[in-house]
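One letter stands for each residue in the lines below.
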Amino acid sequence: MLEAPTGPATPRPLLDAGYTVGLLAVAILSGYGLLAPERLGLLMESEPPARVVASINPRVSDQPPAPPAKTLQTARLTPDARRARARPVPDVRPAPQPAQPERPRGTWSGAVSGKVLDQDGQALVGASVVGGGVETRVGDDGAFTVTPPPDATLIVKRPGYMKVSVEPTPMKGPLEVVMRPQAIKAAYLTYFGFGDRTIRSRVLDLLERTELNAVVIDVKGDRGWIIYPTRVEQALAIGAQGPATLRDFDGMMADLKARGVYTIARIVTFKDNILATRRPDLAVLDARTGKPWTDRENLAWVDPFREEVWNYNVAIAKEAVERGFDEVQFDYVRFPTDGKLQAAKYLKPVTKETRLPTIAAFLELARKELGARGAYVAADLFGYTAFNENDTDIGQRIEELAPHLDYLCPMVYPSGYHVGIPGFRNPVQNSYAVVRESVRLMRRRAGHTPARVRPWLQDFKDYAFDRRIFGISEIRDQIRGTDEGGGTGWMLWNPRNDYTGAALRAKSPLAAR
């Protein structure tokens, strides 16, 4: 017989149910602690900054087995450094490999905050962040907050530094973007020179072997012709598609990018023979004939006062950025200096009160449009603007133009200083001092802005003094003057695109890596 219980009975099903409920409660609370700690009042450490560092990427060569010297890579820089697009290689086909699935592109989840720093971890004042067609300057502490479109790539840029691209990703913490210095050292290629295989190959060889890492290419040259098939309606209407239009321009640009070459689009602005002759209503007119006025080269100019001319040049510049140029450089962004100036008739009186605001306003418009597309903006300036307190009678004064530019590009050719500079009556005998002083003064006068000074240097025969050949010593003196004057890189000018390679240093191991 079973003995009967003497106390109150507790049914077994109720005990089992209570035990089950307790386990379920523990599980729920544990889940909240992991996934939503704030709901339980738990403290969690903040996400560390996501660090994005500008880097030097390897470049693939088309000359197996040993790669030649390589240049600084300025292609897209993302949290996961990617290899630059390779140049064509011989058709050697390995065994088929399983296809690798593409990593899905992320999206931003809202506002993006962070800081822009230099290599020493200091705030990089003057940098800007571009996303979705909006450019935002960072604060004095390098901090920024932007709200880009979900799929927009962020571009971080500052004159004198390599641009950094950050692909969209759902980041919980702030960004920390570290930028590396970059000094552009370029050679100029004319409208016809870039399309000439021999000339182009000669310059590409220098880019492979020497310290050169950039090219300046005539997108719209001195006559107003555009180098590639344009889609700008007004350019097509006036016949600006010139005789040397390059149908394979995109392929040539792809080759430059694969080599790691920084590309600068030169756009001749107010000296435009095509636009002036096809649209006389936009031209500087000759008061004697009523026809477009011409300079000593018998080329016509358009009126800098007319905003339709501004819009035309900005449209061409925007197209150049779409074609892949890293920078737009405006040349002849001034009033004329030669020819029968007293016969030139403009929309407004040309005075010191009207010239400078006009040129500054055009560059302000260009900077707003192009900076928001991630491009750098530059302007070619007379060398004497470093010394003159007025606008040099052409509408160029450093203090007013620098806020709208990333690079000031003075033409410090010693032959161009016809009356010398203070302390140096014969500039071609003092190339180093003339360039150093020009760059130093211009850098000081632009010091209230982030703009950098990158001068044009003379690599052609003197035409104003003793007709000397500018060779190795003269070019090296100019480079040394640029460096000691505080310049950030330089550009060589030769109208035949025939450069003195022996004056240039060999490619450094770091740049060739």
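Shown above is the structure to which this text applies.
Scope of this entry: the structure provided in the associated data block. Remember, it's a predicted structure, so these values are computed and weren't measured experimentally. (Residues numbered from 1 in each chain as written. Predicted model: local features only at pLDDT ≥ 70, side-chain atom pairs only at ≥ 80, totals over all residues. Heavy atoms only, no water.)

1. Notes on the environment of Met-491
Defined as follows: The helix and strand labels rest on DSSP assignments: H or I over at least four residues marks a helix, E over at least two residues marks a strand, and numbering proceeds from the N terminus. We call two residues in contact whenever any of their non-hydrogen atoms come within 4.5 Å of each other.
Here Met-491 is to be found in strand E19 (residues 490-493). Met-491 sits 277 residues away from Ala-214 along the chain, and the two C-alpha atoms are 8.6 Å apart. Excluding its chain neighbours within four sequence positions, the residues that come into contact with Met-491 are Ala-186, Val-216, Gln-329, Cys-409, Arg-454, Pro-455, Trp-456 and Leu-457.

2. With respect to helix H6 (residues 307-322)
In plain terms, the rule: By this rule, a helix spans an expected 1.5 Å times one less than how many residues it contains.
Over its 16 residues, H6 runs 23 Å from end to end, which matches the ideal 22 Å to within 8%, given 1.5 Å per residue. Of the surrounding elements, those touching the buried residues of H6 are strand E10 (214-220), helix H3 (233-238), strand E11 (262-268), helix H5 (273-278), strand E13 (327-331) and helix H7 (352-371). Gly-324 occupies a position one or two residues after H6 and carries a positive phi of about 115 degrees.

3. Some words on the pairing of strand E9 (residues 185-189)
This is how it is decided: Note on exposure labels: buried denotes an accessible area under 20% of the residue type's maximum, exposed denotes more than 50%, and partly exposed covers the range between, all computed with a 1.4 Å probe on protein chains only. Note on pairing: two strands pair once DSSP finds at least 2 bridges between them. Orient the strands so they point away from the viewer, and a crossover whose first-strand-to-second-strand path over the helix runs clockwise is right-handed.
Taken across its five residues, E9 has five buried, putting it largely inside the fold. Here E9 shows no split at all, with Lys-185, Ala-187 and Leu-189 on one side and Ala-186 and Tyr-188 on the other all buried. Two elements, E9 and E19, share three bridges in a ladder whose sense is parallel. Each residue of the ladder has a partner; that of Ala-186, found in E19, is Met-491. Taken together, the four bridges between E9 and E10 define a ladder with parallel strand orientation. In the strand pairing of E10, Ala-187 is matched with Val-215. As for the winding sense of the linkage, the β-α-β connection from E9 through helix H2 (residues 197-209) to E10 is right-handed.

4. Things to note about unusual backbone geometry
Where the residue is not glycine, phi is negative for most of them; where a peptide bond is considered, it is trans in most cases. Although it is not a glycine, Asp-393 adopts a positive phi angle of roughly 65 degrees. Of note, Asp-393 is situated in the loop between strand E15 (376-382) and helix H8 (398-401). A positive phi angle is found at Asn-497, which is not glycine, with a value near 60 degrees. Within the secondary structure, Asn-497 sits in the loop between E19 and helix H11 (509-512). Take Asn-497: its relative accessible area is 1%, and that puts it in the buried class.

5. Considerations on the nonpolar core
Among soluble globular proteins, nonpolar side chains are generally buried collectively. The condition that has to hold: Residues belong to one nonpolar core when they are buried, are Ala, Val, Leu, Ile, Met, Phe, Trp, Tyr or Cys, and are joined through side-chain atoms within 4.5 Å.
Phe-194, Phe-270, Tyr-312, Phe-325, Phe-330, Leu-363 and Leu-408 are the most contacted members of the largest nonpolar core, which totals 113 residues. Here this core takes eight residues from H6, the largest share from any one element. Setting aside its immediate chain neighbours within four residues, Phe-325 contacts Ile-217, Val-219, Tyr-228, Phe-249, Met-253, Thr-263, Ile-264, Ala-265 and Ala-320. By size, the runner-up hydrophobic cluster in this structure holds 17 residues, among which are Val-116, Ala-127, Tyr-161 and Val-166.

6. A few points about the packing of H6 against H7
Defined as follows: Axis definition: a line fit to C-alpha positions, over the contact stretch in the case of helices; interaxial angles, taken between N-to-C directions, run 0 to 180 degrees. Here is the rule for angles: anything less than 35 degrees is roughly parallel, anything more than 145 is roughly antiparallel, 65 through 115 is roughly perpendicular, and the remaining ranges are oblique. When the near helix sits turned anticlockwise from the far one by under a right angle, the crossing is termed left-handed; a clockwise turn instead gives a right-handed crossing.
It is the contact of H6 with H7, at a shortest axis distance of 10 Å, that shows an interaxial angle of 30 degrees. With respect to H7, the axis of H6 lies roughly parallel. Classified by chirality, the crossing of H7 by H6 is right-handed. In this structure, H6 uses Trp-310, Asn-311, Asn-313, Val-314, Ala-317, Lys-318 and Val-321 to contact H7, whose residues at the interface are Thr-358, Ala-361, Phe-362, Leu-365, Ala-366, Glu-369 and Leu-370.

7. Side note on the pairing of strand E16 (residues 407-411)
Counting buried residues in E16 gives four out of five residues, a clear majority hidden from the surface. Sheet topology note: the E15/E16 ladder contains five bridges and is parallel. Among the inter-strand pairings, Leu-381 is bridged to a residue of E16, identified as Pro-410. Relative to strand E17 (residues 452-453), E16 runs parallel, the two sharing two bridges. Note on E17: the bridge partner recorded for Leu-408 is Val-453.

8. Considering the pattern of salt bridges
Inclusion rule: Here, a salt bridge means any side-chain nitrogen of Lys or Arg that lies within 4 Å of a carboxyl oxygen of Asp or Glu.
Evaluated as defined, the whole model comprises 34 salt bridges. Salt-bridge contacts for Arg-505 lead to Glu-211; the nearest nitrogen and oxygen are separated by 3.0 Å. One end of the pair, Arg-505, is in the loop between E19 and H11; the other, Glu-211, is in the loop between H2 and E10, with 294 residues separating them in the sequence. Overall, Glu-211 belongs to the buried group, its relative accessible area being 11%. Put simply, Arg-306 and Asp-303 hold a salt bridge, and the shortest N to O gap is 4.0 Å. On the basis of relative accessible area, Asp-303 is assigned to the buried category, the value being 1%. What you see here is one network of salt bridges that share partners, running through Glu-389, Arg-397, Glu-399, Glu-400 and Arg-445.

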